[in-house]
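Residues per chain are reported as follows:
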Amino acid sequence: MISWKEMVAPRSLADNLLSGLTVAFVALPLNLALALACGLPASAGLITGAVTGVIAALFGGSRLQVTGPEVALVPLTFEILQRHGPHGLLCATFLCGVLQVLMGVARVGRLIHMIPVSVIGGFMAAVGLLVFNSQLPRLFGLPAEMRLVSSLPGTGWLAHVDPFAVGVGALVVAATVLLPKLHRRLPGGLIGLGAAVLAVSALGVGTASVGPIAASFPAPSLPAFDRLELIAILPEAIALALLASIDSLLSAVAIDAQSNAKRHSSEQELMAQGVANMVSSMIGGMPVAGAIVRSSAALQCGATTRLAALTQSVTLLGLLYLARPFVERLPLAGLAGILLVVGYRLINWQQVRLMWRVSRFEAFVFVATAASIVVTDFVGGVLMGLVLSLVHFAHMQRRVDVSLVTAATDEPAEMPRLLELPARRSLGPTPPVAVVRVEGPIFFASHTEIRSLAEGGPLPRHLVFDLAGVPLIDCTGIEAFRALLGKLREQGTRALLSRASDRVAERLQEAGLLQAFTGGRVFPTVAEALESLDEPAARASVFEARRQQPPSPLLRPEAPAGAS
């Protein structure tokens, strides 16, 4: 309700209206091109963008996000349409919306913040590559049956290239790239398309165009689920829901980073996108998602409230009926040129170069994710990127530093004074007390470092484990720690634990390690653990150190855990 009231605030009303009008002229050619790229009528793109844009603008979790047909959804939408026909696409879009609403209710939207930048970048790059794969044949004016670059037959397709179509596409590309540099609010793509229509009319050269557009608004109705097997369409619907959700939430995160607006609600955004997709299927539309290109354009034009996205959608609906003759004459090569510019911008070359300098493996994850998506599908490619990222994380965290503090030369401050006298009073070569500092997570990739502690020379009678540097421990780490403590007990070494975090201590407690090996206790400081020892020399050294040194807050029980 607060965000709705902001839409009519006098101080921002004009800026948001103008922003919405400008974005509508950016979205018009995009919606047309995306619908045609999916194999759908051009009117489907306009109606879908208008209706779903209103729903998401009013109820979305991101106030500045513009919703409509999106580049990332084109390959999967086209694949569903080819496999199951138009009614199958409508059913998949409806199921996609239902799944998105359920994901919003289950509050899984926050997981988007856990996806690595390398996977996100690879995902966007793959979308750009797939756009090139589908739109270059349209730019070259090839016959309709030659839909993809990957399926072109050898070099025989060169004979079908239409030089005039290439010129039209180049004109639109130049206008799309150069005109916004003169002024950010210039709709370069639309101006380029207008110039292309004039050139086609003046020269009288025939080229493929959008063609007739139905001006009637479709009557809403539920998709015909009885015309296909639900099991057959369900995998594609799940993939579509995941793809649309990831695309929408990534766009919302990017808009948050570019603006000072209130942070978006991932759950509310997912539910709004789900309702938008359900409504889109009921009016014969296509799948939609939050569109980063249109959202960024709105932000750059001064959008500050939901009114900008709402104005964009209403303007699109008006253009469908008021400018239909102009829209029907738009050349397909020009629309392909706009999509190629969008596809190129989706590949973040600067990010790839930065990753190559900072982390070669993350650059590899970027490339591998993009390649996997292009070769297989979006969901499989993203999953592979996530697995590679997890492997990289495990590789980086595989080492746990385990060091023994036995003398004053090992560490400054309080612990040397607690350890120095016991070491001097020991008659053997092995000191009676030592502190084992553990740094790093103890999990499946690093547990061997823990096991190796008991494999060296003779150990002291008492080992105090300082676990302040252990952020986590998994089941594999717990079993490795259990084996270590058991081996220490067999060798006659008593183990005490100190400074473990609440989460680590809770896991050790649940696994029964505290009761079995350490007397069921984790000491808040290393000093308290040393004071609790039954070793007379150790206890004497503590008291002597207290008499010889001035009082220190580091030895007080109420001192914070990090003080020892």
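Residues numbered from 1 in each chain as written. Predicted model: local features only at pLDDT ≥ 70, side-chain atom pairs only at ≥ 80, totals over all residues. Heavy atoms only, no water.

Trainee: Which parts of the structure should I look at to understand the environment of I213?
Mentor: By secondary structure assignment, the location of I213 is in the loop between α7 (188-203) and α8 (230-258). Residue classification places I213 among the buried positions, given a relative accessible area of 6%. For I213 and A44, which are 169 residues apart along the polypeptide, the C-alpha to C-alpha distance reads 9.2 Å. With near-sequence residues (within four places) excluded, I213 lies in contact with L32, A42, S43, L320, R324, V327 and E328. (Helix = DSSP H or I, 4+ residues; strand = E, 2+ residues; numbered from the N terminus. Buried < 20%, exposed > 50% of the residue type's maximum accessible area, 1.4 Å probe, protein only. Contact = heavy atoms within 4.5 Å.)

Trainee: Can you walk me through the environment of E362 in this structure?
Mentor: Mapping E362 onto the fold places it in helix α15 (residues 360-375). Between the C-alpha atom of E362 and that of P116, which follows or precedes it by 246 residues, the distance is 9.2 Å. Residues in contact with E362, not counting those within four places in the same chain, are S118, M355 and H392.

Trainee: Honestly, the pattern of salt bridges in this entry has me stumped. Any pointers?
Mentor: Summed over all chains, the structure comprises eight salt bridges. For E236, the salt bridge goes to R83, with nearest N and O atoms at 2.8 Å. Of the two residues, E236 is situated in helix α8 and R83 in helix α4 (residues 74-105); the sequence distance between them amounts to 153 residues. Relative accessible area serves as the criterion here: at 55%, R83 is assigned to the exposed category. Its salt-bridge partner being R503, residue E506 comes within 3.6 Å of it at the nearest N-O pair. Of the two residues, E506 and R503 both sit in helix α20 (residues 502-510), three residues apart, roughly one turn of that helix. Classification of R503 as partly exposed rests on a relative accessible area of 43%. Salt bridges linked by common partners bring E79, R83 and E236 together as one network. (Salt bridge = Lys/Arg side-chain N within 4 Å of Asp/Glu carboxyl O.)

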